[in-house]
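Per-entry structural report
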Amino acid sequence: MRHLRVIAALADLKLVARVAETLNVTQPAVSKQIADLENIIGVPIVERDRNRLYLTAMGSRLADHARQVLNQLDRAAFDIEAMASGVSGSVSIGVVSSVAPTLLPGTISLFKRSAPLATVSVSEGHFVELVPALEAGSIDVLIARIWQPQELPGISQMSLFSEPIVVVAGRDNPLAQRENLEWSDVVGSPWIMPQGNSVARRAVDALFAEHGLTPPSNIIASLSLTLNLEILRVMPALGLLPQRLAQRHATRGEIVNLSLDTQGLLSEARCFWRADRVHENGTLSLFLKCLQQTTGELQTIPFD
């Protein structure tokens, strides 16, 4: 286990000093673990360049397996602790549509396996309308993509993961066949957009403004993934999807990702909850732990 933790930490931190500090061991102990691994495997797993260590191809593969093993062990410990707690009750989640398909299925599956008697309810919306519901106690957790993060009085928040947003088109859209697209080439197209009063819409408008363009005026405002995919199929519209979700539908031949740089648009997902509720609500506390567990596993999957 010590060997696995060292190689996984080294893949992320690069410096022996940082690995030693993170794992609370000495630097010679880290170097010894690396040497032990190389003796076991029989080939080098690191290359040294001044103060930094870089993983070889074999080292990178080993680090990938180490992360998977450590995540599985953490999941096992979590499952046992959660089931032993005997949590029941309910948790209400408000979520933006661009996060729900990627994050919630795994989180809810883990939560229900750990607390089968607990009830989960989910409602979709956009950040502006979900914040008052969180403040009023109508929902327990808010999960959203963030633009211009800010503190909210009485509300705790936690960063979950970062994932690019990409521009997509139907496979029969003429723009799907073009390379080296510019934003000026797409501003006149029909666009499926977030609602006009949402944080996401303001972020998209700001992105067009950064390119010296007036935001598109030919707009279809829709939060429905099913509807949006069908619109992309039947008309030459453009839309925005998280990279992971876009890749899934592109693999099925339903859409095409366009070569436009979205410059980190709405890439960070966070969750929010009332600070005064988490200690008195064991169900909410467990759900937040499930979120952390699930997002930790998502972060081990690299984005292309």
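Our subject is the structure listed above.
These remarks concern the structure in this document.

1. Considering the nonpolar core
Counting 40 residues, the largest nonpolar core has Phe127, Val141, Leu142, Ile143, Cys271 and Leu291 as its most contacted members. Elements supplying a minimum of two residues to this core: strand E3 (90-95), helix H5 (100-114), helix H6 (127-136), strand E5 (141-146), strand E6 (155-162), strand E12 (268-274) and helix H10 (282-298). When neighbours within four sequence positions are excluded, Val141 is seen to be in contact with Val91, Ser92, Ile93, Gly94, Leu134, Cys271, Phe272, Leu284, Phe287, Leu288 and Leu291. In this structure, Val6, Ile7, Ala8 and Leu55 belong to the second largest nonpolar core, which totals 20 residues.

2. Points about the packing of aromatic side chains
Per the stated rule, a full pass over the model turns up 5 aromatic pairs. Judged by centre distance (5.6 Å) and plane angle (75°), the ring pair of Phe111 and Phe287 falls under edge-to-face. With Phe111 in helix H5 and Phe287 in helix H10, this pair connects stretches of sequence that are 176 residues apart. The residues Phe111 and Phe287 share a single accessibility class, namely buried.

3. Focus: empty space enclosed by the protein
Enumeration over the complete set of coordinates arrives at 1 cavity of 30 Å³ or more. Estimates place the volume of the largest cavity at around 480 Å³. Residue lining of the largest cavity: 29 residues in total, with Ser97, Ser98, Pro194, Leu223 and Leu240 positioned closest to the centre. Broken down by secondary-structure element, the contributors of at least two residues to the lining of the largest cavity are strand E7 (165-170), strand E8 (191-193), helix H7 (199-210), helix H8 (225-234) and strand E10 (238-242). Partitioning the lining of the largest cavity into residue classes produces 19 nonpolar, 9 polar and 1 charged.

4. Here's the deal with the pattern of salt bridges
One pass over the full model with this rule turns up 9 salt bridges. As a salt-bridge pair, Lys32 and Asp36 come within 3.1 Å of each other at their nearest N and O atoms. Of the two residues, Lys32 and Asp36 both sit in helix H3 (residues 27-41), 4 residues apart, roughly one turn of that helix. Among the ionic pairs, Asp185 bridges to Arg178, the shortest N-O distance being 3.6 Å. Using a relative accessible area of 42% as the deciding quantity, one classes Arg178 as partly exposed.

What counts and what doesn't
- Residues numbered from 1 in each chain as written.
- Predicted model: local features only at pLDDT ≥ 70, side-chain atom pairs only at ≥ 80, totals over all residues.
- Heavy atoms only, no water.
- Core = buried A, V, L, I, M, F, W, Y, C linked by side-chain atoms within 4.5 Å.
- Buried < 20%, exposed > 50% of the residue type's maximum accessible area, 1.4 Å probe, protein only.
- Helix = DSSP H or I, 4+ residues; strand = E, 2+ residues; numbered from the N terminus.
- Contact = heavy atoms within 4.5 Å.
- Phe/Tyr/Trp six-rings, centres within 6.5 Å; stacked < 30°, edge-to-face > 60°.
- 1 Å grid on protein atoms, 1.4 Å probe; cavity = no way out; pocket = protein on both sides within 12 Å on 5 of 7 lines; lining within 4 Å.
- Points joined across faces, edges and corners; volume = space filled by probe spheres on them.
- Nonpolar A, V, L, I, M, F, W, Y, C, P; charged D, E, K, R; others polar.
- Salt bridge = Lys/Arg side-chain N within 4 Å of Asp/Glu carboxyl O.

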